[in-house]
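A look at the structure
Now for the letters of each chain:
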Amino acid sequence: MTQRESPSQTAGPYVHIGLMPNHAGLPGLYDGDLGAGPIMAEGQPVTLRGRILDGEGASVTDAVLEVWQADGTGTPGIWARRSTDGPDGDWVLDTVRPGPMRFDGGWMAPHIALWIVARGINLGLQTRIYFPEDDHSADAVLAQVPPGRRRTLMAVPDADGYRFDIHLQGPDETVFLNI
Amino acid sequence: MTLRPRDMSGHPPAIAPAYRSSRLRGPTQAPIAIPATPTETTGPVFGHGVLGPLDGDLIRNFAAPGQMAIGQRTIVHGRVTDEAGRAVPNTLVEVWQANAGGRYRHAKEGYLAPLDPNFGGCGRVMTDDQGRYRFETVKPGAYPWPNGGNDWRPAHIHFSVFGSGFGQRLITQMYFEGDPLVARCPIAQSIPAGGAERLVAPLDWEETVPMDARAYRFDIILRGPLATPFEATP
Ligand SMILES: [Fe+3]
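Residues numbered from 1 in each chain as written. Chains lettered and ligands numbered in written order. Predicted model: local features only at pLDDT ≥ 70, side-chain atom pairs only at ≥ 80, totals over all residues. Heavy atoms only, no water.

Side note on the sheet that holds strand β1 (residues 45-50) of chain A
Residue and element names in this part refer to chain A. Here four strands make up an open sheet; going across it, the order is β5-β1-β11-β10 and the pairing mixed. Pairing within the sheet leaves two strands with one partner each, and these edge strands are β5 (91-96) and β10 (156-158). Each strand of the sheet is rotated relative to its neighbour by a mean of 30 degrees, with strand direction disregarded. (Pairing = 2+ DSSP bridges. Helix = DSSP H or I, 4+ residues; strand = E, 2+ residues; numbered from the N terminus. Axes fitted to C-alpha atoms, helices over the stretch in contact; angles between N-to-C directions.)

Okay, structure coming up:
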């Protein structure tokens, strides 16, 4: 029996009501917003921040972003949810540096998976953050990405951790993944 | 479980020009196909313990004690399965919607219709071991939106579903049987080949509770495994 996946629809401008109601100004519905708490996991602490930029370079300040990653030992299990409605449209994530993960007889380089939804995004966008100083030569996912576009998946070291800006369009358009 | 590559032809294109917001926000390049790795086949697991007693009751979960939201009392229920027809059990379904007048309780929302002091517009449920879910709400109103013309959203409920792996993550919208606005909506009609019909929930007379609430049935299908095993028992 084969059925087709339900069609996606945009999360719309009011996605925060559904996914982070406390943050959206609906206190008391839930004890706290899912995925908003501090990340307690084994590994070296690291801070990531970034913005989502549209085709005119404007910051997308109404997006919700979810993170799924491994801890320092390479075991997946860290999930977090953030909004991009900070002052500059920055999202910020205090997490741990993921470890390499076994896949298909080899090793995937440390990475953090992102899923992004917002008004104007018709299907949630999946991408990955990699760290520039790691060895990416055996990574089965990066191997599918044209070499000229791999830099869009690399975090950029900054003063207190890394930046990862997502470009929805333009010459630096981030690579999005169809898994 | 390893995921079958997503069939993009069943989804709206990234840029659907009639939906103005997508013009600058939709990626211009096709997504790059990758194998499903443990990062995509695993995902967060939420226990039924995350739910509060009223999380699936939008009529009362924001209301003052003894009060209820204004609107047509509505039951929404259905089943979450994957492309192989298997139940997706114990997965979190989050919903949000406008009130009966078509107004969201959101700082950026300025539609003329009033807020209902007893309606928040947010709820969540988990599927059971058969993949079934159910919640109670008031039917949302249609609302106008700035898209360059005379655009009205059909009555709809937003759904966010997790599934068992991060690669199954899906956000969609449910529409109501018989709503003439579905055919006029640039967002619903961005789905190719009349696919908006797949998001229209039929009135469910069997589950409609006499003298109480009408029921609508909305089934959701998430991505499924690469190879369809012949066990396929739901
Ligand atoms: Fe909406």
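The rest of the description comes next.
Some words on the UniProt feature "domain: Intradiol ring-cleavage dioxygenases" (unreviewed entry) in chain A
In this structure's numbering, the residues bearing the UniProt feature "domain: Intradiol ring-cleavage dioxygenases" (unreviewed entry) are residues 42-170 of chain A. Across residues 42-170 of chain A one finds 0% helix and 43% strand; the C-alpha atoms that close the span lie 37 Å apart. (UniProt positions renumbered as here; feature names shortened; annotations may be inferred.)

Examining the coordination of the iron ion
All names here are of chain B. Looking at the metal site, the iron ion is ligated by Tyr 104 (OH), Tyr 143 (OH), His 156 (NE2) and His 158 (NE2), spaced 2.0 to 2.3 Å from it. Taken together, the four donor atoms surrounding the iron ion define angles of 91 to 162 degrees at the centre, an arrangement classified as irregular. Every donor residue of the iron ion comes from the same chain, spaced as Y-x38-Y-x12-H-x1-H. Of this pair, Tyr 104 sits in the loop between β3 (92-96) and β4 (122-126) while His 158 is found in strand β8 (residues 156-161), placing the two residues 54 residues apart along the sequence. (Donors = N, O, S within 2.8 Å, 3.2 Å for Na, K, Ca; no water. Tetrahedral: all angles 85-135°; square planar, octahedral: opposite > 155°, others 65-115°.)

With respect to the interface of chain B and chain A
When the parts of a complex come together, some accessible area is lost, and that lost area is often taken as the interface size. Residue-level contacts link 84 residues of chain B with 68 residues of chain A. With both chains or domains summed, chain B and chain A bury close to 6,900 Å², and 58% of this area falls on carbon and sulfur atoms. A per-residue breakdown of the area chain B buries against chain A is headed by Arg25(B), Ile32(B) and Phe166(B), which together make up 13% of the total. Among the salt bridges present, the one from Arg6(B) reaches Glu5(A), with a minimum N-O distance of 2.6 Å. Taken together, the links from chain B to chain A amount to 46 residue pairs in polar contact (both at pLDDT 80 or more). A total of five residues in the side of chain B that touches chain A trace back to one element, the largest contributor, which is strand β9 (residues 170-176) of chain B. Sheet topology places strand β13 (residues 177-178) of chain A next to strand β1 (residues 32-33) of chain B; two bridges connect them, and they run parallel. Bridging from a neighbouring strand, Asn178(A) pairs with Ala33(B) of β1(B). (Contact = heavy atoms within 4.5 Å. Buried area = accessible area lost by both parts, 1.4 Å probe. Salt bridge = Lys/Arg side-chain N within 4 Å of Asp/Glu carboxyl O. Polar contact = N/O pair within 3.5 Å; in protein donor to acceptor, adjacent residues only side chain to side chain.)

Examining the packing of aromatic side chains
Following the criterion strictly, the structure yields 13 aromatic pairs over all chains and no others. On the numbers, 5.5 Å between centres and 75 degrees between planes, the contact of Trp79(A) with Phe162(B) is edge-to-face. Taken together, the residues Trp79(A) in strand β4 (residues 76-83) and Phe162(B) in the loop between β8 and β9 connect one chain to another. The burial state of Trp79(A) is the same as that of Phe162(B); both residues are buried. Summarising the aromatic geometry, the rings of Phe46(B) and Phe162(B) are spaced 5.0 Å apart at their centres and angled 65 degrees between planes, so their arrangement reads as edge-to-face. Here Phe46(B) is found in the loop between α2 (38-41) and β2 (73-82), whereas its partner Phe162(B) is found in the loop between β8 and β9, with 116 residues between them in sequence. Just as Phe46(B) is buried, Phe162(B) falls in that class too. These aromatic residues form a ring-pair network of at least three members: Tyr133(B), Phe135(B), Phe159(B) and Phe218(B). Of note, Arg97(A) hangs over the ring of Phe131(A), and the distance from its end group to the ring centre comes to 4.1 Å. Directly above the aromatic system of Trp115(A) lies the positively charged group of Arg169(B), at a separation of 4.1 Å from the ring centroid. (Phe/Tyr/Trp six-rings, centres within 6.5 Å; stacked < 30°, edge-to-face > 60°. Buried < 20%, exposed > 50% of the residue type's maximum accessible area, 1.4 Å probe, protein only. Lys NZ or Arg CZ within 6 Å of the ring centre and 35° of its normal.)

What to know about the UniProt feature "domain: Intradiol ring-cleavage dioxygenases" (unreviewed entry) in chain B
Taking the UniProt record as the reference, the feature "domain: Intradiol ring-cleavage dioxygenases" (unreviewed entry) is found at residues 76-104 of chain B. Taken as a whole, residues 76-104 of chain B contains 0% helix and 41% strand, while its terminal C-alpha atoms sit 19 Å from one another.

Focus: the pattern of salt bridges
In total, this model carries 22 salt bridges over all chains according to the counting rule given. The salt bridge involving Asp212(B) is made with Arg73(B); its shortest N-O contact spans 2.9 Å. Note that Asp212(B) is positioned in the loop between β10 (200-201) and β11 (214-217) and Arg73(B) in strand β2, a separation of 139 residues in sequence. Take Asp212(B): its relative accessible area is 38%, and that puts it in the partly exposed class. Under the relative-accessibility criterion, Arg73(B) is labelled partly exposed at 32%. In this structure, a network of salt bridges that share partners links the residues Glu66(A), Arg81(A), Glu94(B) and Arg169(B).

Comments concerning the layout of surface pockets
Estimated volume of the largest pocket: approximately 400 Å³. Lining the largest pocket are 20 residues, with Pro13(A), Tyr14(A), Arg119(A), Trp145(B) and Pro146(B) positioned closest to its centre. Ranked by residue count, the leading element in the lining of the largest pocket is strand β6 (residues 143-145) of chain B, at three residues. Class assignment for the residues of the lining of the largest pocket results in nine nonpolar, five polar and six charged. What the second largest pocket holds in volume is close to 310 Å³. Taken together, 22 residues line the second largest pocket, and the ones lying closest to its centre are Leu123(A), Leu125(A), Met8(B), Ala14(B) and Pro31(B). (1 Å grid on protein atoms, 1.4 Å probe; cavity = no way out; pocket = protein on both sides within 12 Å on 5 of 7 lines; lining within 4 Å. Points joined across faces, edges and corners; volume = space filled by probe spheres on them. Nonpolar A, V, L, I, M, F, W, Y, C, P; charged D, E, K, R; others polar.)

A few points about the environment of Pro146(B)
Its location among the elements puts Pro146(B) in the loop between β6 and β7 (151-153). For the pair Pro146(B) and Ser21(B), spaced 125 residues apart in sequence, the C-alpha separation works out to 9.8 Å.

Some words on the side chain of Glu5(A)
Inspection of the secondary structure assignment puts Glu5(A) in the segment before α1 (15-19). Residue classification places Glu5(A) among the buried residues on the basis of a relative accessible area of 5%. Here Arg6(B) takes part through its side chain, which lies 2.6 Å from a polar atom of the side chain of Glu5(A). Setting aside residues no more than four positions away along its own chain, Glu5(A) makes contact with Arg6(B), His11(B), Glu83(B), Leu170(B), Arg198(B), Ile221(B), Leu222(B) and Arg223(B).

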